[in-house]
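Residues per chain, in single letters:
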Amino acid sequence: MGFAVDFAYFAHEDQIYRRFGQHPPTDFATMKAAFQRTFLIEAEDTIPLKTRSPAFGIDEWASGTLDRFVAWYAAEHPDTVAILVNYVFLSRCLEQAPGMLKLIDTHDRFADRQLQYRPFRAEPNFFYTDRRSEALALDRADVVLAIQSEEAAYFASLTNRPVLLLPPAFPVNAPFAAPSRIARIGFVGHGNDPNLFSISKFAHEWAAGWTSDRPQLRIAGEICNALGGLDLPGVQLLGYIDHLSDFYRETDVIVAPMLMGSGLKMKVGEALSYGVPVVGTELAFEGFGAEVSAHRCAGVREVKATILSLQADATGIAALTEACATLFARFNATAHRSEAELGDLIRAAVPSRPYAGSRRAVVSPPERMIQTWPTCIRSAGCVVMDDPGLGRLLATERLGEEAARAARYAPERRRWYAESQPPSATISSVGALHVAFSPEWIREKRLPREVRESAARAFRDVQPDWTTHARRIGGNASSFDLALVLPSYLLTASRAVAAFLIEAATDRAHELTVDGIAPLSLSPGYAFDAERTDLTPVPAAVHFSSAASNHLSADGTVLFLTDDMIGRIVIVNARDGENIGS
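Treat the numbers as computed from the prediction; the structure is a model and nothing was measured.

Details of the overall build of the chain
Turning to step 1, where the next piece is worked out: Assigned secondary structure in the chain consists of 15 helices and 24 strands.
Turning to step 2, where the next piece is worked out: In the chain, which comprises 582 residues, the share counted as buried stands at 50%.
Turning to step 3, where the next piece is worked out: Within the chain, contacts between residues separated by at least 24 positions form 71% of all contacts whose residues are at least 6 apart in sequence.
Turning to step 4, where the next piece is worked out: By element, 51% of the accessible surface of the chain is carried by carbon and sulfur atoms, the whole surface being about 26,100 Å².

Side note on the sheet that holds strand β6 (residues 163-165)
Turning to step 1, where the next piece is worked out: One open sheet accounts for four strands, arranged β3-β4-β5-β6; its pairing is parallel. Of all the strands in the sheet, just β3 (82-86) and β6 have a single pairing partner and so form its edges. With direction set aside, neighbouring strand axes in the sheet form an average angle of 25°.
Turning to step 2, where the next piece is worked out: In this structure, β3 lies alongside strand β4 (residues 101-105), joined through five bridges in parallel fashion. Of the residues in β4, the one forming a bridge with I83 is K102.

What about unusual backbone geometry?
Residues apart from glycine generally show negative phi values, whereas peptide bonds are mostly found in trans.
Turning to step 1, where the next piece is worked out: The phi torsion at D112 lies on the positive side, around 65°, for a residue other than glycine.
Turning to step 2, where the next piece is worked out: Among the structural elements, D112 can be located in the loop between β4 and α4 (131-138).
Turning to step 3, where the next piece is worked out: Taking relative accessible area as the criterion, D112 reaches 30% and is therefore assigned partly exposed.
Turning to step 4, where the next piece is worked out: With phi around 65°, D507 is a residue other than glycine that occupies positive phi space.

Side note on the environment of L342
Turning to step 1, where the next piece is worked out: As for its placement among the helices and strands, L342 is situated in helix α11 (residues 314-349).
Turning to step 2, where the next piece is worked out: Through-space distance from the C-alpha of L342 to that of L164 is 7.7 Å; in sequence the pair is 178 residues apart.
Turning to step 3, where the next piece is worked out: Each residue touching L342, except ones within four places of it in the same chain, is listed here: M1, L103, L145, L164 and L166.

Thoughts on the side chain of D6
Turning to step 1, where the next piece is worked out: Along the chain, D6 falls in the segment before β1 (7-11).
Turning to step 2, where the next piece is worked out: At a separation of 2.9 Å, a polar atom in the side chain of D6 contacts the side chain of R37.
Turning to step 3, where the next piece is worked out: Within the structure, the side chain of D6 is placed 2.7 Å from the side chain of Y73, a separation counted as a polar contact.
Turning to step 4, where the next piece is worked out: In contact with D6, not counting residues within four places along its chain, are Q36, R37, F39 and Y73.

Things to note about the confidence of the model for the chain
Turning to step 1, where the next piece is worked out: Chain-level pLDDT for the chain is 86 on average; 89% of the residues reach the 70-or-more range.
Turning to step 2, where the next piece is worked out: In this model residues 353-373 is a low-confidence stretch, pLDDT under 50, and it forms 41 contacts with partners more than four residues away in sequence or in other chains.
Turning to step 3, where the next piece is worked out: The model gives residues 575-582 a pLDDT under 50, and that stretch makes 15 contacts with residues more than four places away or in other chains.

Here we look at the sheet that holds strand β8 (residues 216-220)
Turning to step 1, where the next piece is worked out: Reading across the sheet, the five strands line up as β9-β8-β7-β10-β11 and stay open at both edges, with parallel pairing between neighbours. Two strands bound the open sheet, and with one partner strand each, they are β9 (235-239) and β11 (278-280). Each adjacent strand pair in this sheet contributes to an overall mean axis angle of 30°, direction not counted.

Concerning the packing of aromatic side chains
Turning to step 1, where the next piece is worked out: Within this structure, the stated rule accounts for 36 aromatic pairs.
Turning to step 2, where the next piece is worked out: Consider the rings of W416 and F459, whose centres lie 5.8 Å apart with planes at 90°: the pair is edge-to-face. Of this pair, W416 sits in strand β15 (residues 413-418) while F459 is found in the loop between α14 (449-458) and β17 (466-475), placing the two residues 43 residues apart along the sequence.
Turning to step 3, where the next piece is worked out: By relative accessible area, which is 5% here, W416 ends up buried.
Turning to step 4, where the next piece is worked out: Residue F459 is classed as buried on the basis of its relative accessible area of 0%.
Turning to step 5, where the next piece is worked out: Here a set of aromatic residues connected by ring pairs shows up, and it is made of F56, W61, Y87, F89, F110, F126, F127 and Y128.

Topic: the pattern of salt bridges
Close approach of charged atoms allows side chains with opposite charge to pair.
Turning to step 1, where the next piece is worked out: This structure, assessed with the given rule, holds 20 salt bridges.
Turning to step 2, where the next piece is worked out: The partner of R449 in a salt bridge is E453, with the nearest N and O atoms 3.1 Å apart. Residue R449 and its partner E453 are located together in helix α14, separated by four residues, close to a single helical turn.
Turning to step 3, where the next piece is worked out: The class of E453 is buried, set by a relative accessible area of 11%.

Considerations on the pairing of strand β22 (residues 537-545)
Turning to step 1, where the next piece is worked out: As paired elements, strand β18 (residues 479-487) and β22 share nine bridges and run antiparallel to each other. Bridge assignment links L486 to a residue of β22, and that residue is V538.
Turning to step 2, where the next piece is worked out: Here six bridges tie strand β20 (residues 509-519) to β22, and the two strands are oriented antiparallel to one another. Residue T513 lies in a different strand from β22, and its bridge partner there is S545.

Thoughts on helix α5 (residues 149-156)
Turning to step 1, where the next piece is worked out: Buried within α5 we find E151, A152, Y154 and F155. Around the axis of α5, the buried residues are gathered within 160° of arc, so they sit on the same side.
Turning to step 2, where the next piece is worked out: Buried residues along α5 sit in contact with α4, β5 (143-146) and β6.
Turning to step 3, where the next piece is worked out: For α5, the side-chain oxygen to backbone nitrogen distance between the N-cap and E150 is 2.9 Å, and the N-cap itself is Q148.

Focus on the environment of S429
Turning to step 1, where the next piece is worked out: Secondary-structure assignment places S429 in the loop between β15 and β16 (435-437).
Turning to step 2, where the next piece is worked out: S429 sits in the partly exposed class, given a relative accessible area of 25%.
Turning to step 3, where the next piece is worked out: Distance from S429 to R460, taken between C-alpha atoms, is 6.7 Å for residues 31 residues apart in sequence.
Turning to step 4, where the next piece is worked out: Separated by 3.0 Å, the side chain of S429 and the backbone nitrogen of G431 make a polar contact.

Reading the values: rules and limits
- Residues numbered from 1 in each chain as written.
- Predicted model: local features only at pLDDT ≥ 70, side-chain atom pairs only at ≥ 80, totals over all residues.
- Heavy atoms only, no water.
- Helix = DSSP H or I, 4+ residues; strand = E, 2+ residues; numbered from the N terminus.
- Buried < 20%, exposed > 50% of the residue type's maximum accessible area, 1.4 Å probe, protein only.
- Contact = heavy atoms within 4.5 Å.
- Areas by Shrake-Rupley, 256 points an atom, 1.4 Å probe, with all protein chains shown as cover.
- Pairing = 2+ DSSP bridges.
- Axes fitted to C-alpha atoms, helices over the stretch in contact; angles between N-to-C directions.
- Polar contact = N/O pair within 3.5 Å; in protein donor to acceptor, adjacent residues only side chain to side chain.
- pLDDT = per-residue confidence, 0-100.
- Phe/Tyr/Trp six-rings, centres within 6.5 Å; stacked < 30°, edge-to-face > 60°.
- Salt bridge = Lys/Arg side-chain N within 4 Å of Asp/Glu carboxyl O.
- Arc of directions from axis to C-beta.

What follows is the structure in structure tokens.
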């Protein structure tokens, strides 16, 4: 539309990803490339996933930090013509943006969302509210954006604000090509509840009576972790895949057996964008304008029956593929018309303001503050990336509770970098700061071990998300076992971990390998403390080893890093003969 756009990333749902053993899918490099300025806003409060009330109040997931950021931004950039907020439950911050055109991108309907869980005898673990609360949120906007037509009609029944249909336009990644027969069907998705309940039920239905002459069901993505050790005939779990294009090219038909959920089913649009025909339930195709029976299946049995009826029917497969191509083209045409309509609406709402056209504001480079190792700079943006002049990004300062609750929002953050060579001087502690470590530590071990150990020593005193005490219950010169209590999420799924032992006597740091974590039936009885209420302690035993060390001290502290969570394990000397369950 020609407007310069700033992006404020509120790291709200990152908590939920971590709670379920998933890595937040945050891509700061893409943020930097797509937007004029990018800001990172941490949530200082724990998101409640349960409520004693029949439904959440509309502002129970709102954030004072987000409100203060919007107030700060509005004062710093008064020429901003419009503000868009994702989801109704974050709508309160719109009250801090006077003079701007206020937009809510709803994405989903949240009123009565909890009722969808009842057939599955499960409890919701995301936001849900009632119609009155959802209407209150919509009334805060000047324009409401709906991702699909059925929800647009629903929102229009709640508010007198204009509701604009704005579905996403999908790129054309590959042309449609009808296979001659169906040998492999596929499903790819995130490990959320709608995906888990739907594909689990379909997988069991598909496996019933399966024979080798029937198509193979291949499941890919985060959903495979949620499915655990699912082992069924005719079903293959691929896990994470490197290239979506390869997965779709090797799949004859995508299945979308969705039994719950709201919004638009992106998995349907993505499959169509790669030219792969889709068979799914009526719910899966809600918002796509489905016309053929293969897109209006009543449930998983009908999805299965449709696939089997088409398996060797080249004419039927060709007809399905043509119907998918027609549906996809029509959907994208609607999306492009809606985008143009939104552009006209924004321009019409701000006639007195000069139109920016395609001009892009110049953002000053961050000011360099400290030149010691680890290198530290201070900047107002949040693009958490390596720097060609400074080296690998190690950590970014977080606000901390006191700063987060300050009257005026402060966007500046300190960051620490390191080059590939170990420092020549002794590294002092950066202190008890709130920081977020970069993926370099956890998933991409790109720096030499000596550098990583020196950096761990520098960050040994940072504020942890959780702290626990542990007793050494075994070991030798290069390994040891600890009995302790850990956050329960560490036992529920495999995850990337980085760990460093900081020896008490020498203050040296040793990088450790976590060889295994096992639950204990008895609690060791040691203290556990966490800043966040969603971290539940459970008894466990952890086996550590270090290939590079000739001797590991029995005393010290383990810096335990998982994704962007920080744990501190303090090893204590137990009395001889003490029972670990005492």
